[in-house]
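# Topology and contacts: notes
Residue strings, one per chain:
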Number of protein chains: 2
Amino acid sequence: MSLIVQKYGGTSVGTVDRILEVARRVVKTVQLGNSLVVVLSAMGKTTDGLVKLAKEISVNPNKREMDMLLSTGEQVSIALLSMALQEMGQPAISLTGAQVGIVTEAAHTRARILRIDPNRLQTQLNRGKVVVVAGFQGIADAGELEITTLGRGGSDTTAVALAAALRADRCEIYTDVPGILTTDPRLVADAQLMDEITCDEMLELASLGAKVLHPRAVEIAKNYGVPLVVLSSWSDAPGTRVVSPPPPSARPLEGLELAKAVDAVEFDLDQAGVSLLRLPDRPGVAARLFGAIAQQNLDVDLIIQSIHEGNTNDIAFTVRRNSLNQAVAVADAIVPALGKNSRPELGEPEVKVEERPIAKVSIAGAGMIGRPRVAAQMFNTLADAGINIQMISTSEVKVSCTIDAAECDRAVAELCKAFDVANSPVGLRSASHKPPAVRAVALDLNQARLAIRQLPDRPGVAAKLFGLLAEENISVDTII
Amino acid sequence: MSLIVQKYGGTSVGTVDRILEVARRVVKTVQLGNSLVVVLSAMGKTTDGLVKLAKEISVNPNKREMDMLLSTGEQVSIALLSMALQEMGQPAISLTGAQVGIVTEAAHTRARILRIDPNRLQTQLNRGKVVVVAGFQGIADAGELEITTLGRGGSDTTAVALAAALRADRCEIYTDVPGILTTDPRLVADAQLMDEITCDEMLELASLGAKVLHPRAVEIAKNYGVPLVVLSSWSDAPGTRVVSPPPPSARPLEGLELAKAVDAVEFDLDQAGVSLLRLPDRPGVAARLFGAIAQQNLDVDLIIQSIHEGNTNDIAFTVRRNSLNQAVAVADAIVPALGKNSRPELGEPEVKVEERPIAKVSIAGAGMIGRPRVAAQMFNTLADAGINIQMISTSEVKVSCTIDAAECDRAVAELCKAFDVANSPVGLRSASHKPPAVRAVALDLNQARLAIRQLPDRPGVAAKLFGLLAEENISVDTII
């Protein structure tokens, strides 16, 4: 007999008919001999309706009261599904976040789960009941029963966290798509369904994956080795397995979602930088440049493009040090072919080689998802050490900076200290590191670009900027 | 500085505009120098909408899950009012039944309040906050946080119970009528607003009062001496004060709503019964009969009318023993004037005097409101003692039976034992008891009549019938 956690999103429980459909699926899973915990979101547009009510009263409603308001949505869903199951003869009981004892941080509207005591759930499962749990919510204080919500991806997070706490055999995330696709099917007609994807890949593709499975949930699945499947509420297709190697050791359930933000500090001294300045701002420029470089089989690592006034771009990239001359030769050859920029008074396109040796230092870890403060802390750490940052590249799970190579040791030591990472940083890993072939493409249309011009080039500027953004809980996706 | 508990019903918080109106009234009350606890119902038709959803899933939904479902309604109201208050600059915090620690019986959908620990409320009041509490709900088990609802009149009950627990200076019940009226203004145009009414009067008029103030709330107000006012949400008129003499001693807050169902066992040996059999079933018969008796200044106590097949009625009544001859003389005189019944084969109207001495035994107490089992328990107790019941009369706060006078002592002793009433029953009280002049008239259109014919006249029949009804939680209003 397996213990399965199933999660159904808002559209899957959007109407009474759909709730009955979910109930039938649950009963079928039980009849196959499984124990079941079911996590639900609020019905369809319920949350939107509640938010609208609040906005009629206040443009910036109190966050605690928003949690009080929004947590009712899931409570309605779980009561109705339990009734539907009982009506079908299947014993069931609904439990709110407070009743399950999902204890979170006190951060209203975006709390992380601290711990879950699985005893109450286990008691109900032992009684042969399907336990129907309200997703997206918890309590910040077990004494005062202060209701919190988990923010974006909350119900996914609840489901995977319960699976981790119960050591469930499987966690099934039901959505309105058949699984994880290679890209967005609304944009690319022949997007392919993937049978399997690793947690790490999901995290790197966060902006794609977030539509069907939130990175916070993936992070927990990875940390606790929860077998995860994403599948459709509307079919019996097998969906996509989200897999990971088992974690090296059993992680304690305390601080469930508060694993260390940063797992590793990495460095790479085998980097060299090339900048192409004042390129015309036209489609195809980057494609021609990197196409030509790829023809030479040169591995490009960081790429950043910055935009100037007057429709010119700078593109900088790094390559392995022993590829530098070759890369420069390609760049020198291609630049004239890229064309002149439209305002000659700004100067002609030019290739510039970074004369001083550079190093790339990176912090990596799934725990930095949704914590913009982590990047700011990295930049602060470097600034406090008087180390200037040249290039920055960020992803959901990694922040990399290039710095003067002479500062590399100091940078690594300071970062290890700041992020409490064991003092054996991973170095030069990229030299032997074969990145996976491109498996999927994410397009995130939900981005805004903010350009801040003419910043002084000195230590601390990036740190200050990111610190201010982090205070407002703004995640920065790409920095150029 | 006074501590005031205000309660607003569903129509008072039915829309965002009305919530804002309530918020303005709350702020005004605070600005007059008061501390405030506000109890809210669910917005307008929210509860109806939730019940409809549940009924689409199950004709007889699980009561625990109904509580899970319905308790969300008040949670929405309290979040929105708190936001509105904060928007007006008034610090406020919303609390659910669980957060307040309103502990109830485990009886889902109709739980009574066991206790309220006022500490959490007091802490928030001390911080200068208006505390906005979800009415109608509590928890049955402080460990498992099992959500219960209080059933009919739940929000009134919450408000008065909080006022009792906090020893508030006043409890204000805001409704959509200006206060307690002498009768239903929809039926009688010149219904008068009463400045003041006693709790006991309110309880006797329960079916009228229930529309604006539930008898359970009145019961708590009476038991704890809570100063209560019923007033309109739409005006500044002073409303109706519901007053009581202060209770003889401070009642403990444990078992807050579970005061003994029965306060007193009463008996009256000074009764004699007259029956008028086979009267024609025509309007005005009872009026002519009792009009003629009243002209003789005879006090009539119990009156019951029973209906036979074939359009004839029996009317039985009791009078003081020394008035019996006079009453029989009036009845003998009036019966021929009442006319013959339409089916002569059923027999002519006839006056019959109960030959054997009768006694009236009664149990009385506000605690029997909403507990149909209490009446059943009385009939059972008499049946177990082999005592046959002749006539039964019930009100919200009293059940009276007439029995053979020879059994009176035994009946009283058994009832005192069954209801744990001190062994000094009130006897003959009615002899010296001057009932208040009629102050108000209640009409309850929400009644169904059930006739059970040809029951055997032996001990235990009434008990069995009431026991079955009580099992289904059906309250019987009038028995004839």
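Computed from a predicted model, the values in this text were never measured in an experiment.

## A closer look at the overall build of chain A
Along its length, chain A carries 15 helices and 20 strands. Classification of the 480 residues of chain A by burial places 54% in the buried group.

## Quick look at the interface of chain A and chain B
Many analyses report the size of an interface as the accessible area lost when the parts associate. Facing the 41 residues of chain A at the interface are 41 residues of chain B. Here chain A and chain B share an interface that buries about 3,400 Å² over both sides, 64% of which is from carbon and sulfur atoms. Summed over the three residues of chain A that lose the most area to chain B, namely A:Ile57, A:Glu65 and A:Met83, the buried surface amounts to 20% of that side. Counting across the chain A and chain B interface gives 4 salt bridges.

## Concerning the sheet that holds strand S11 (residues 228–232) of chain B
Residues and elements named next belong to chain B. Taken in spatial order, the 8 strands make up an open sheet running S3-S6-S2-S1-S9-S11-S12-S10, and their pairing is mixed. Looking along the sheet, the strands with just one partner apiece sit at the ends: strand S3 (92–95) and strand S10 (196–198). Strand-to-strand twist across the sheet, computed as the mean angle between neighbouring axes with direction ignored, equals 20 degrees. The pairing of strand S1 (residues 3–8) with strand S9 (residues 170–175) spans 5 bridges and is classified as parallel. Each bridged residue has a counterpart across the sheet, and for Gln6 the counterpart in S9 is Glu172.

## Points about the relation of the copies chain A and chain B
Least-squares fitting of chain A to chain B yields an RMSD of 0.3 Å, with the transformation described by 0.0 Å of translation along the axis and a rotation of 179 degrees. One copy is carried onto the other by what is essentially a two-fold rotation axis. If distances are taken from each C-alpha of chain A to the rotation axis, the shortest is found for A:Thr72, at 2.5 Å. Residue by residue, 100% of the interface of chain A is reproduced at the interface of chain B, so both copies engage with the same surface.

## Thoughts on the sheet that holds strand S2 (residues 35–40) of chain A
All names here are of chain A. One open sheet holds the 8 strands; their spatial order is S3-S6-S2-S1-S9-S11-S12-S10, and the pairing between them is mixed. Looking at the sheet topology across the chains shown, the edges are occupied by strand S3 (92–95) and strand S10 (196–198). When strand polarity is set aside, the average angle formed by the axes of neighbouring strands in this sheet is 20 degrees. Relative to strand S1 (residues 3–8), helix H1 (residues 16–31) is tilted by about 170 degrees, and along the sheet it contacts S1, S2, strand S6 (130–134), strand S9 (170–175) and strand S11 (228–232).

## With respect to the nonpolar core
The biggest cluster of nonpolar side chains holds 50 residues, and the ones touching the most others in it are B:Val37, B:Ile116, B:Val133, B:Val160, B:Leu162, B:Cys171 and B:Leu213. The element that contributes the greatest number of residues to this core is helix H6 (residues 154–166) of chain B, accounting for 8 residues. Each of two domains, domain 1 (3–243) and domain 3 (359–471) of chain B, supplies a minimum of three residues to this core. Among all residues touching B:Leu162, those that are not within four sequence positions of it are B:Val5, B:Val37, B:Val39, B:Val100, B:Ile102, B:Ile116, B:Leu121 and B:Val133. One finds A:Ala164, A:Ile180, A:Ala217 and A:Val242 within the second-largest nonpolar core, a separate group that totals 49 residues.

## Some remarks on the pairing of strand S12 (residues 240–243) of chain A
Residue and element names in this part refer to chain A. What you see with S12 is a clean split: Thr240 and Val242 sit on the buried side and Arg241 and Val243 on the side with no burial. Across 3 bridges, the pairing between S10 and S12 is parallel. The residue of S12 that forms the bridge with Thr198 is Val243. Looking at chain direction, S11 and S12 are connected through 3 bridges and run antiparallel. Of the residues in S12, the one forming a bridge with Val230 is Thr240.

## Concerning the side chain of A:Glu257
All names here are of chain A. With respect to the element layout, Glu257 can be found in the loop between S12 and strand S13 (264–280). What makes Glu257 buried here is its relative accessible area of 1%. The residues contacting Glu257, other than those within four sequence positions of it, are Ala111, Arg112, Ile113, Thr157, Arg216, Glu219, Ile220 and Arg371.

## Description of the environment of A:Thr240
Residues and elements named next belong to chain A. Among the structural elements, Thr240 can be located in strand S12. A relative accessible area of 0% places Thr240 in the buried class. The spacing of Thr240 and Met194 is 46 residues in sequence and 5.8 Å in space, taken between C-alpha atoms. Contact partners of Thr240, with chain neighbours within four places excluded, come to Gly179, Ile180, Leu193, Met194, Asp195, Glu196, Ile197, Leu228, Val229 and Val230. A polar contact is formed between the side chain of Thr240 and the backbone nitrogen of Ile180, at a distance of 2.9 Å.

## Here's the deal with the state of the cysteines
Any covalent bond linking the sulfur atoms of two cysteines counts as a disulfide. Residues and elements named next belong to chain B. For the structure shown, the criterion picks out 0 disulfides over all chains. Summary of cysteine pairing: Cys401 is not part of a disulfide, and the nearest cysteine sulfur, belonging to Cys408, is at 12 Å. Residue Cys401 is classed as buried on the basis of its relative accessible area, which comes to 0%. Just so you know, Cys416 is unpaired, no disulfide at all, and the nearest cysteine sulfur is the one on Cys408, 11 Å from it.

## Details of H1(A)
Residue and element names in this part refer to chain A. Along its 16 residues, H1 runs 22 Å from first to last C-alpha, staying within 8% of the 22 Å computed at 1.5 Å per residue. Along H1, the residues that are buried comprise Val16, Ile19, Leu20, Val22, Ala23, Arg25, Val26, Val27 and Thr29. Gly33 sits one or two positions beyond H1 and adopts a positive phi of about 100 degrees.

## Concerning helix H2 (residues 46–57) of chain B
Taking 1.5 Å per residue as the helical rise, H2(B) with its 12 residues ought to reach 16 Å, and the 17 Å between its terminal C-alpha atoms agrees with that figure. Along H2(B), the positions that sit buried rather than exposed are B:Leu50, B:Ala54 and B:Ile57. The arc enclosing the buried residues of H2(B), seen along the axis, measures out at 55 degrees, which places them on a common side. The elements touched by buried residues of H2(B) are H1 and helix H3 (63–87) of chain A together with helix H3 (63–87) of chain B.

## Points about the packing of helix H1 (residues 16–31) of chain B against H3(B)
Residues and elements named next belong to chain B. For the pair H1 and H3, the least separation of the axes is 9 Å and the interaxial angle reads 55 degrees. In terms of their interaxial angle, H1 and H3 are classed as oblique. For H1 against H3, the interelement crossing comes out right-handed. On H3, the residues touching Ile19, Leu20, Val22, Ala23, Val26 and Val27 of H1 are Leu80, Leu81, Ala84 and Leu85. Here the contact of H1 with H3 is built from residues that sort into 10 nonpolar, no polar and no charged.

## So, the pattern of salt bridges
Under the criterion given, the structure shown has 44 salt bridges over all chains. The salt bridge partner of A:Lys52 is A:Glu56, with a shortest N-O separation of 3.6 Å. One end of the pair is A:Lys52 and the other is A:Glu56, both in helix H2 (residues 46–57) and 4 residues apart, which spans about a single turn. Owing to a relative accessible area of 56%, A:Lys52 belongs among the exposed residues under this scheme. The closest approach of N and O atoms between B:Lys28 and B:Asp236, which form a salt bridge, is 3.9 Å. Of this pair, B:Lys28 sits in helix H1 while B:Asp236 sits in the loop between S11 and strand S12 (240–243), and the two are 208 residues apart along the sequence. Residue class for B:Lys28 comes out partly exposed when judged on its relative accessible area of 44%. Residue B:Asp236 is classed as exposed on the basis of its relative accessible area, which comes to 61%. Each member of the salt-bridge network shares a partner with another, and the members are A:Arg64, A:Glu65, A:Glu144, A:Glu146 and B:Arg120.

## So, the pairing of strand S6 (residues 130–134) of chain B
Residue and element names in this part refer to chain B. Most of S6 is tucked away, with 5 of its 5 residues classed as buried. Alternating residues of S6 divide into Val130, Val132 and Ala134 and Val131 and Val133, and every residue in both groups is buried. Bridge count between strand S2 (residues 35–40) and S6: 4 bridges; the pairing is parallel. In the sheet register, Val37 faces S6, and the bridge partner there is Val131. Here S3 pairs with S6 via 4 bridges, running parallel. Residue Ser94 lies in a different strand from S6, and its bridge partner there is Val132.

## A look at the confidence of the model for chain A
Averaged over chain A, the pLDDT score is 84; the fraction of residues at 70 or greater is 85%. Two numbers describe this predicted complex: its pTM, 0.76, and its ipTM, 0.75.

## Structural notes on the environment of B:Val328
Residue and element names in this part refer to chain B. Positionally, Val328 belongs in helix H11 (residues 324–334). Sequence separation between Val328 and Gly273 is 55 residues; the distance between their C-alpha atoms is 9.6 Å. Sequence-distant contacts of Val328, defined by excluding residues within four places in its chain, comprise Val274, Val351 and Val353.

Reading the values: the criteria
Residues numbered from 1 in each chain as written. Chains lettered and ligands numbered in written order. Predicted model: local features only at pLDDT ≥ 70, side-chain atom pairs only at ≥ 80, totals over all residues. Heavy atoms only, no water. Helix = DSSP H or I, 4+ residues; strand = E, 2+ residues; numbered from the N terminus. Buried < 20%, exposed > 50% of the residue type's maximum accessible area, 1.4 Å probe, protein only. Contact = heavy atoms within 4.5 Å. Buried area = accessible area lost by both parts, 1.4 Å probe. Salt bridge = Lys/Arg side-chain N within 4 Å of Asp/Glu carboxyl O. Pairing = 2+ DSSP bridges. Axes fitted to C-alpha atoms, helices over the stretch in contact; angles between N-to-C directions. Least-squares fit on C-alpha atoms with pLDDT ≥ 70 in both. Core = buried A, V, L, I, M, F, W, Y, C linked by side-chain atoms within 4.5 Å. Domains from an automatic or database assignment. Polar contact = N/O pair within 3.5 Å; in protein donor to acceptor, adjacent residues only side chain to side chain. Disulfide = S-S within 2.5 Å. Expected span 1.5 Å × (residues − 1). Arc of directions from axis to C-beta. Parallel < 35°, antiparallel > 145°, perpendicular 65-115°, else oblique. Left-handed = near helix turned anticlockwise from the far one by under 90°. Nonpolar A, V, L, I, M, F, W, Y, C, P; charged D, E, K, R; others polar. pLDDT = per-residue confidence, 0-100.

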